Amino acid sequence: MTRRRTRDLLLGVALFAAASLGALWQVNETTAQQPDSLPRLVCPLH
Amino acid sequence: VRHEFVDRPWWRSPTAVIAAGCAIAIVTFGTRTSFGLFTAPLSDLRGWDREAFALAIAVQNLLWGIGQPFAGAIADRYGAGRVLAAGGAIYAAGVALMSVSATPGAVTVTGGVLVGIGLAGGSFTIVIAAFARLVRPDRRSWAMGLATAAGSMGQFLFAPLGQGFISAYGPATALLLLSGFVALVPLLAASLTGRGDEEEAGVGGESARNALRAAFSHPSYLLLTSGFFVCGFHIAFISTHLPPYLTDLGLSTSLAAWALSLIGLFNVVGAYSAGILGGTYPKRLLLSGIYLGRGFAFALFLLLPVTPFLVLVFAAIIGLLWLSTVPLTSGLVALMFGTRHVGMLFGVVFLSHQVGAFVGALLGGAVYSRTGSYDVMWVLCIALSVFAAAVHLPIHERRAAQLAPSTA
């Protein structure tokens with residue numbers, strides 16, 4: 001595996017790790033604060 | 001092509017260009033996606049009904065979509081850096097003024113008109129146009145995928161931040177604080193100035209009008225634009241109607257929250273991976289595979305008994321295929337027409353996406369009202385997946401003859 005591929009892969013893993021923390025927060029926040037309301041997906045394009 | 005960065009200052013080096021573009025995507029998308037958190041507290045603070053804020057967001061989406069081709073054309077002519085700076089400033093002003101908007105009309109102007117125009121000029125699509133010019137062709141697809149993933153990451157960074165600001169200082173001050181982040185966009189845009197390599201641009205002699213005319217007479221461009229319409233249709237339908245669909249089936253809102261978060265999480269992975277794959281494999285085939293994958297996922301979801309496990313698997317698959325279309329679609333536009341008019345031409349394709357989104361969200365509601373279920377919509381989603389997968393196959397993945405340098 002070239003250095004570039006390794007760097008790209010590590011960057012992808014870092015993105016996934018950071019996004020996982022964000023996703024967990026989102027679930028926790030939605031279920032803890034508004035248990036009876038429907039969650040809304042926050043999509044960058046909408 | 002490599003020599004173009006030799007005499008540039010550090011803040012315009014390839015790494016700085018990509019980092020600045022990703023930061024702009026994070027801030028502009030992140031701030032925008034946090035607006036949903038303001039609906040209840042801001043409406044309560046001002047004494048509005050929820051429709052007032054919803055109207056402002058609808059106007060914002062409309063102006064963002066319509067404004068994108070124009071913002072792209074201006075960026076093509078005067079430089080992406082300038083347009084990003086101006087758009088970022090308008091966006092920041094809109095968010096700041098939302099904090100003092102006391103009437104529904106005022107918030108429609110600030111949060112709707114100003115933020116909508118600011119998004120068209122100061123956000124993602126213009127960053128993509130800048131990357132098309134400033135990033136080496138062999139790293140372009142990767143950079144576009146990274147920017148798409150970064151923008152998707154913005155929701156996870158700014159939603160907690162926005163919620164924290166609201167809890168600590170109230171919604172009005174929270175908006176003011178968020179506008180401070182958006183005000184960084186004009187500074188970051190300094191890295192994205194310049195036109196890149198004119199030889200690579202290839203179509204420097206074409207006017208915007210001629211380029212648009214040539215693009216619309218090029219079958220591959222029309223196929224790509226129609227495919228991106230389907231992308232918007234799918235995403236808006238799922239964004240808007242998946243949660244009520246799940247609760248209609250008796251599943252918990254907690255599961256719906258997990259499903260939506262998984263879509264967001266795997267979207268980051270999918271967008272980034274698509275960018276990397278697009279640098280090696282034919283983009284049209286990857287796009288065809290993505291749409292076919294969506295159709296397969298929709299069919300499974302429709303035909304199999306819906307269990308919590310199936311919902312989570314569906315969410316993960318759809319997340320992987322969510323915005324993975326963006327780096328591939330924008331990359332194809334740059335490949336077919338060069339970088340001279342990429343802002344405008346991708347802006348038109350993006351407008352098609354937003355129209356599809358509008359139709360998907362609206363039709364979902366209309367079909368449910370009339371039939372009492374979403375079954376027809378799921379079938380329509382499958383049919384459109386097959387359509388989109390088919391229309392990408394005949395796309396000519398090379399420079400369009402009408403815009404080749406020899407004819408310019």
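Counting of residues starts from 1 at the beginning of each chain's written sequence and follows it residue by residue. Chain A is the first chain written and ligand 1 is the first ligand written, with later ones labelled in order. A pLDDT threshold of at least 70 governs which residues receive local features in this predicted model, and a stricter bar of 80 or more applies before side-chain atom pairs are shown or counted, although totals over entire chains, interfaces and linings include all residues. Think of the side-chain values as coming from all heavy atoms in the structure, minus any hydrogens and water.

Examining the overall build of chain A
Part 1 of the reasoning: Helices and strands together make up the secondary structure of chain A, namely one helix and zero strands.
Part 2 of the reasoning: The 46 residues of chain A split such that 37% are buried.
Part 3 of the reasoning: Working definition of accessibility: Shrake-Rupley area with a 1.4 Å probe, residue cover restricted to the visible protein chains. Approximately 3,000 Å² of chain A is accessible, and the part contributed by carbon and sulfur atoms is 61%. Elements are defined by DSSP. Helices are runs of H or I of four residues or more, strands are runs of E of two residues or more, and each kind is numbered from the N terminus. Partly exposed describes any residue whose relative accessible area lies between the buried limit of under 20% and the exposed limit of over 50%, with all areas from a 1.4 Å probe on protein chains only and scaled to the type maximum.

Things to note about the overall build of chain B
Part 1 of the reasoning: Counting its secondary structure elements, chain B contains 18 helices and zero strands.
Part 2 of the reasoning: Here the C-alpha radius of gyration of chain B, 21 Å, is about what a compact globule of 408 residues would show, namely 22 Å.
Part 3 of the reasoning: Projecting the C-alpha coordinates of chain B onto the three principal axes gives extents of approximately 60 × 50 × 35 Å.
Part 4 of the reasoning: In chain B, of all internal contacts separated by at least 6 residues, the share reaching a separation of at least 24 is 85%.
Part 5 of the reasoning: On chain B, roughly 14,700 Å² of surface is accessible, and the fraction owed to carbon and sulfur atoms is 70%.
Part 6 of the reasoning: Positive charges are assigned to Lys and Arg, negative charges to Asp and Glu, while His and the chain termini are left out of the count. All charge positions are set by atom: Lys at NZ, Arg at CZ, Asp at CG, Glu at CD. Charged side chains in chain B number 22 positive and 15 negative. The centres of these two groups are separated by 4 Å. For the radius of gyration, the atom set is restricted to C-alpha positions; the globular benchmark scales as 2.2 Å times the number of residues to the power 0.38. By definition in these notes, contact holds between two residues if any of their heavy atoms fall within 4.5 Å.

A closer look at the packing of helix 12 (residues 219–248) of chain B against helix 13 (residues 253–278) of chain B
Residue and element names in this part refer to chain B.
Part 1 of the reasoning: Here the axes come from fitting lines to C-alpha atoms, over the contacting stretch only for helices, and the angles between their N-to-C directions go from 0 to 180 degrees. The geometry of helix 12 relative to helix 13 is characterised by a closest axis approach of 9 Å and an angle of 150° between their N-to-C directions. On the basis of the axis angle, helix 12 is roughly antiparallel to helix 13. The hand of the helix 12/helix 13 crossing is right-handed. Counted together, I238, L242, P243, L246 and T247 of helix 12 and T253, A256, A259, L260 and I263 of helix 13 form the full contact between these two elements.
Part 2 of the reasoning: Residue polarity is assigned by list, with Asp, Glu, Lys and Arg as charged and Ala, Val, Leu, Ile, Met, Phe, Trp, Tyr, Cys and Pro as nonpolar; anything else, Gly included, falls into the polar class. Among the residues forming the contact of helix 12 with helix 13, the class breakdown is eight nonpolar, two polar and no charged. Angle categories: roughly parallel below 35 degrees, roughly antiparallel above 145, roughly perpendicular from 65 to 115, and oblique for all the rest. Two helices that cross are described as forming a left-handed crossing if the nearer one is turned anticlockwise from the farther one by less than a right angle, and a right-handed crossing if clockwise.

Topic: the interface of chain B and chain A
Part 1 of the reasoning: Facing 48 residues of chain B, the contacting portion of chain A comprises 32 residues.
Part 2 of the reasoning: Buried area is a sum: the accessible area each of two parts loses on coming together, probed at 1.4 Å, counted once for each and added. Carbon and sulfur atoms make up 71% of the area that chain B and chain A hide from each other, which totals about 3,400 Å².
Part 3 of the reasoning: A pair is scored as a salt bridge if a Lys or Arg side-chain nitrogen falls within 4 Å of a carboxyl oxygen belonging to Asp or Glu. Between chain B and chain A we count two salt bridges in total.
Part 4 of the reasoning: Any pair of N or O atoms that falls within 3.5 Å is considered a polar contact. Within protein, one atom must be able to donate a hydrogen and the other to accept it, and sequence-neighbouring residues count only if both atoms are side-chain atoms. In this assembly, chain B and chain A are joined by four residue pairs in polar contact (both at pLDDT 80 or more).
Part 5 of the reasoning: Of all the elements in the fold, those that place two or more residues in the side of chain B that touches chain A are helix 1 (14–33), helix 3 (50–78), helix 7 (137–169), helix 12, helix 13 and helix 17 (342–371) of chain B.
Part 6 of the reasoning: Residue classes in the side of chain B that touches chain A are distributed as 28 nonpolar, 16 polar and four charged.

Some remarks on helix 14 (residues 283–303) of chain B
Part 1 of the reasoning: Helix span, as expected, comes to 1.5 Å for every residue beyond the first. When the terminal C-alpha atoms of helix 14 of chain B are compared, their 30 Å separation across 21 residues agrees well with the 30 Å that a helix rising 1.5 Å per residue should span.
Part 2 of the reasoning: Within helix 14 of chain B the residues assigned to the buried category are B:K283, B:L287, B:S288, B:I290, B:Y291, B:R294, B:G295, B:A297, B:F298 and B:F301.

Some details on the packing of helix 4 (residues 80–98) of chain B against helix 6 (residues 124–134) of chain B
Residue and element names in this part refer to chain B.
Part 1 of the reasoning: The contact between helix 4 and helix 6 brings their axes to 9 Å, and the two run at 160°. As the angle between them shows, helix 4 and helix 6 are arranged roughly antiparallel. In the packing of helix 4 onto helix 6, the handedness of the crossing is left-handed. Each of A80, V83 and L84 in helix 4 lies in contact with helix 6, whose residues at this interface are I126, V127 and A130.

Some details on the packing of aromatic side chains
All names here are of chain B.
Part 1 of the reasoning: Planes of paired rings set the category: under 30 degrees apart is stacked, over 60 is edge-to-face and the rest tilted, where pairs are Phe, Tyr or Trp rings (Trp by its six-membered ring) whose centres lie within 6.5 Å. Applying the stated rule across the entire model yields 21 aromatic pairs over all chains.
Part 2 of the reasoning: Ring centres of F298 and W378 lie 5.7 Å apart, and the angle between their planes is 45°; this geometry places the pair in the tilted category. In this pair, F298 is assigned in helix 14 and W378 in helix 18 (residues 375–392), connecting sequence segments 80 residues apart. Grouping residues by exposure puts F298 and W378 together as buried.
Part 3 of the reasoning: On the basis of an interplanar angle of 75° and a centroid distance of 5.4 Å, the ring pair of F301 and W378 is categorised as edge-to-face. Remark: W378 occurs in helix 18 and F301 occurs in helix 14; sequence separation between them is 77 residues.

Some remarks on the side chain of B:T148
Residues and elements named next belong to chain B.
Part 1 of the reasoning: Of note, T148 is situated in helix 7.
Part 2 of the reasoning: Of note is the side chain of T148, whose polar atom sits 2.7 Å from the backbone oxygen of M144.
Part 3 of the reasoning: Residues within four places of T148 in sequence aside, it is in contact with F124, A271, L323, V326 and P327.

Comments concerning the pattern of salt bridges
Part 1 of the reasoning: Taken as a whole and assessed by the stated rule, the structure comprises five salt bridges over all chains.
Part 2 of the reasoning: A salt bridge links B:D138 to A:R4, with the nearest nitrogen and oxygen atoms 3.3 Å apart. Linking B:D138 in helix 7 with A:R4 in helix 1 (residues 3–33), this pair reaches from one chain into another.
Part 3 of the reasoning: For B:D138, a relative accessible area of 39% gives the class partly exposed.
Part 4 of the reasoning: Sharing partners across several salt bridges, the network here consists of A:R4, B:R136 and B:D138.

Focus: the nonpolar core
Part 1 of the reasoning: Side-chain atoms within 4.5 Å are what join buried Ala, Val, Leu, Ile, Met, Phe, Trp, Tyr and Cys residues into a set we call a nonpolar core. Counting 123 residues, the largest nonpolar core has B:F131, B:L242, B:L246, B:F301 and B:W378 as the members making the most contacts within it.
Part 2 of the reasoning: Setting aside residues up to four positions removed in sequence, B:F131 forms contacts with B:V17, B:I18, B:G21, B:C22, B:R140, B:A143, B:M144, B:A147 and B:L192.

Quick word on the environment of B:F229
Residues and elements named next belong to chain B.
Part 1 of the reasoning: Structurally, F229 can be placed in helix 12.
Part 2 of the reasoning: It is 8.1 Å that separates the C-alpha atoms of F229 and V349, two residues lying 120 residues apart in sequence.
Part 3 of the reasoning: Setting aside its immediate chain neighbours within four residues, F229 contacts S352, H353, V355, G356 and V359.

So, the confidence of the model for chain B
Detail in the predicted coordinates should be disregarded across regions flagged by low pLDDT.
Part 1 of the reasoning: Confidence in the prediction for chain B averages 90 pLDDT; 94% of positions are at 70 or higher.
Part 2 of the reasoning: The secondary-structure element of chain B with the lowest mean pLDDT is helix 10 (residues 198–201) of chain B, recorded at 52, while helix 18 of chain B shows the highest, at 97. Values of pLDDT, ranging from 0 to 100, describe the predictor's confidence in every residue of the model.

Regarding the environment of B:V113
All names here are of chain B.
Part 1 of the reasoning: Note that V113 resides in helix 5 (residues 104–122).
Part 2 of the reasoning: For the pair V113 and G94, spaced 19 residues apart in sequence, the C-alpha separation works out to 8.1 Å.
Part 3 of the reasoning: When neighbours within four sequence positions are excluded, V113 is seen to be in contact with V59, L63 and T108.

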